[in-house]
Amino acid sequence: MKSLSFMTLIITIVASLSKEENKIKQNSFSMQRSDPEETSRILAKANGKIHAHINKISRSLFKSSSSSKSSSSSESSKSKGKGKVVLHSKTPKSKGDKSLSSKAPKSTKSPGKGSESHKSSKTLKSGKHGHGKGSKSLSAKSSKSGKSYGKASKSKSSKSPKSSKNCDKGSLRGNKCDDSEVPRDDDDAVPPNPNAPCDTPEGRKADIHEIVDNISGFISKDSPQDLALRWLMDDTSTDACDGNEVVIERYALATFYFSTNGDLWSDKDGWLSPFSVCQAWNGTICNEDDRVIEINLQKNNLDGVLPPEIASISTITKLRLYNNNLQGSLPNGLGKLPITLLDIENNKFTGNLFTRDLFNLQGSLSIFRASSNMFTGSIPERISEFNLLTELWLGSNMFDGVIPSSLGSLNNLEYLYLDDNNFSGALPASIGSLNNLVEILLDENKLSGPIPASIGQLSNLEVLTLDNNLSTAEIPTTLENLTRLKSFRAFNNMLQGPLPNFSRMENLVELYVHDNMLNGPIPDLSANSRLTRLDASNNQLTGSLDISLFQINSLELLYLSNNTLSGQIPADFGGNRNLVDLYLDNNLFEGPIPEILNSSTLSNIQELLLHGNSFVGPVPSSLCDLRAAINSETDPDQFESLHADCLPLNGVVQNFCREGCCTKCFIGSNI
């Protein structure tokens, strides 16, 4: 009768718990309207508690059925405490055994930040060339998922991986373990016993089940969590005798492996092996306490989703997952980790990036790289809460809306990449408050209005890209204050007025302002001794060419096509031996085409476009001789293009070109 009453009580409790579960689900509809994210979290927690209660009842049944055991067994069980006291410590790991293979650094977008930067530098001829952006060992029988069987040990000491039990450690029964093989840890072979010592198969199983249940709750069959649990049960090198952390890390990392198709990783060395995750598992980096602090699996062919279990490794500070094929949204729970570097660039993540959970990282996150994904939404005003950020990479996503003025509060920011999105509106003047900014990429958006004058306050700025937007008005004269500027790109906008004075920018390497409505003369650039690329084509520039422009020895690309430049080409225009491309076509130049005075002049030239002007006389023989000499002595295709107004009309030729010299002829404007 007592047994019947006990079973009736259990059935009543289970029914009550199930009823409570249904009640929570029924009320979830109204909760989801106000905060879906919070609702999901509460429901998951409630479900976990319900299943935990059910599992406790199961354990009670187990304990009840065990009460009829022999008196010797009863006496032994008295000494089994919930805390799993360890009488003899394990042999500590040798710190000298760590051998971590260093990963090659990513290509950098520009100089700066050393190994922390992997952005490829943008180079272009007359525009933008874009970014330069262990086998499974499973038990034959599945473990019962989602069950909780006992309380694990809380000891914090470090533990070495083991292939057999340490027989120097006795159980609380006072019996030494023997050298016999540990039985296979299948549910059917070894039932879990929450009162057994942690180094016995029964106690080990109970500990693992409880730890996994606390992390994942209910587990679906054949899910990454289920595969990880089954692997962990087979991994007899792991128990909770030295604390839960080892079990948590191995379970979370195994779940990560199965969730990202680990069998197809480029480098999976050591993963799912019985050895220490700190010493053997590629891409995991640990601290002096043998706790995982970094996962570095960039460019490793990860394919799948980031499981939420990764957030259970509470010591992670750096997560480097650049250039993989990860999908879905960022898992909830990352915000509770002390992450300082989060690099998920060049994957396929989707959804809203700026979740409530992400903002929990505001007290630690300093480097955040999320470019080249498929994130949507806008940048919230509360972005200013990330006041430790030094790098914020959001380029090449699908963000929209305006750039919030609160960005100007990120005083530590050095690299800000917002390029290739759908941002609109004006660039906020507060951007001038980012005194430490080194690079700001704003190209390929829908930004409109003038460039704020406050941008001239960015005294450390080296790279500024504004190309392919809808910017209007003049380039502010305050730009002249950016003495450290190396790259300025503002092409394909609707900018007007004259070019500013660049003479103070002694570090300027590239200047791209083509495809605007700029007017006035080309400013004196003689002080820009490092300038290699200048593209001011497709504007309304006027005036003549000064010889100083051709005396910048570093200059390689000079594009001045489709303007209203006039006068004669300087006689010594070929004095620069490094010049590769010279586009002077479709202007108002006149007079004769100058002779090449020195055989070594223009020795690296590849393209020379002279057509669409008002030149008189033939194409100089010395120029034709130069082309023939270059193509015969070096590369037959080096001097590939020589264009002139050499096409006859009614028997009249504006600029005669001897046979085999010019590669393309046009009808001159003077005919």
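Our subject is the structure that appears above.
Residues numbered from 1 in each chain as written. Predicted model: local features only at pLDDT ≥ 70, side-chain atom pairs only at ≥ 80, totals over all residues. Heavy atoms only, no water.

## Side note on helix α8 (residues 621-633)
Along its 13 residues, α8 runs 18 Å from first to last C-alpha, staying within 8% of the 18 Å computed at 1.5 Å per residue. Along α8, the residues classified as buried are Ser622, Leu623, Cys624, Leu626, Arg627, Ile630 and Asn631. If you follow the buried residues of α8, they end up packed against β28 (607-609) and β30 (641-644). (Helix = DSSP H or I, 4+ residues; strand = E, 2+ residues; numbered from the N terminus. Expected span 1.5 Å × (residues − 1). Buried < 20%, exposed > 50% of the residue type's maximum accessible area, 1.4 Å probe, protein only. Contact = heavy atoms within 4.5 Å.)

## A closer look at a nonpolar patch on the surface
On the surface, Leu647, Leu649, Val652, Ile667 and Ile671 cluster together to form a nonpolar patch covering roughly 370 Å² of accessible area. Within the element layout of this structure, Leu647 appears in the loop between β30 and β31 (664-665). (Patch = residues over 30% accessible without salt bridge, like charges linked within 9 Å, V, L, I, M, F, W, Y side chains within 5 Å. Areas by Shrake-Rupley, 256 points an atom, 1.4 Å probe, with all protein chains shown as cover. Salt bridge = Lys/Arg side-chain N within 4 Å of Asp/Glu carboxyl O.)

## Side note on the state of the cysteines
Summed over all chains, the structure comprises five disulfides. Across the disulfide, Cys198 is cross-linked to Cys241 (sulfur-sulfur distance 2.1 Å). Handedness here is read from the sign of the S-S torsion; for Cys198 and Cys241, about 115 degrees, the answer is right-handed. Here Cys198, found in the loop between α4 (71-78) and α5 (201-216), pairs with Cys241, found in the loop between α6 (224-234) and α7 (244-259); they are 43 residues apart in sequence, far enough to count as distant. (Disulfide = S-S within 2.5 Å.)

## Description of the nonpolar core
With 135 residues, the main nonpolar core has Leu353, Leu416 and Phe488 as its most contacted residues. Breaking this core down by element, the ones donating at least two residues are α5, α6, α7, β2 (292-296), α8 and β30. Per-element accounting of this core gives the leading share, nine residues, to α7. (Core = buried A, V, L, I, M, F, W, Y, C linked by side-chain atoms within 4.5 Å.)

## What about the pattern of salt bridges?
Following the criterion strictly, the structure yields 12 salt bridges and no others. Of the charged contacts in the structure, one is a salt bridge between Asp222 and Arg230, with a shortest N-O distance of 3.1 Å. Asp222 sits in the partly exposed class, given a relative accessible area of 49%. For Arg230, a relative accessible area of 10% translates into the label buried. Two residues, Glu294 and Arg320, come together in a salt bridge whose shortest N-O distance is 2.8 Å.

## A word on the packing of α5 against α7
Their axes nearest at 10 Å, the elements α5 and α7 cross at an angle of 60 degrees. Comparing the axis directions of α5 and α7 gives the class oblique. You can see that α5 and α7 cross each other, and the crossing is right-handed. When α5 is examined against α7, the residues Ile208, Ile211, Val212, Ile215 and Ser216 are found in contact with a partner set consisting of Asn244, Val247, Ile248 and Tyr251. (Axes fitted to C-alpha atoms, helices over the stretch in contact; angles between N-to-C directions. Parallel < 35°, antiparallel > 145°, perpendicular 65-115°, else oblique. Left-handed = near helix turned anticlockwise from the far one by under 90°.)

## Regarding the sheet that holds strand β17 (residues 470-471)
Spatial strand order, β3-β5-β7-β9-β11-β13-β15-β17: eight strands in an open sheet with parallel pairing. At either end of the open sheet lies a strand with only one pairing partner, and these are β3 (303-305) and β17. Examined bridge by bridge, strand β5 (residues 325-328) and strand β7 (residues 348-352) share two bridges and lie parallel to one another. Bridge pairing links Gln327 to Lys348 in β7. (Pairing = 2+ DSSP bridges.)

## Thoughts on the pairing of strand β13 (residues 422-425)
The pairing of strand β11 (residues 398-402) with β13 spans three bridges and is classified as parallel. Its bridge partner lying in β13, Asp400 is registered against Asn422.

## Examining the packing of α5 against α6
Remark: α5 packs on α6, axes separated minimally by 11 Å, with the N-to-C direction vectors making an angle of 160 degrees. Considering their axes alone, α5 and α6 lie roughly antiparallel with respect to each other. When you trace α5 past α6, the crossing you get is right-handed. Residues Arg204, Lys205, Ile208, His209, Val212 and Ser216 of α5 form the contact with α6, whose participating residues are Gln225, Leu229, Leu232, Met233 and Asp234. Here the contact of α5 with α6 is built from residues that sort into five nonpolar, three polar and three charged. (Nonpolar A, V, L, I, M, F, W, Y, C, P; charged D, E, K, R; others polar.)

## Quick word on the environment of Gly283
By the element assignment, Gly283 lies in the loop between α7 and β1 (284-286). For Gly283, a relative accessible area of 14% puts it in the buried group. A sequence separation of 37 residues divides Gly283 from Arg320, and the C-alpha atoms of the two residues are 9.2 Å apart. In this structure, Gly283 is in contact with Glu294, Ile295, Asn296 and Leu297, ignoring residues within four places of it in sequence.

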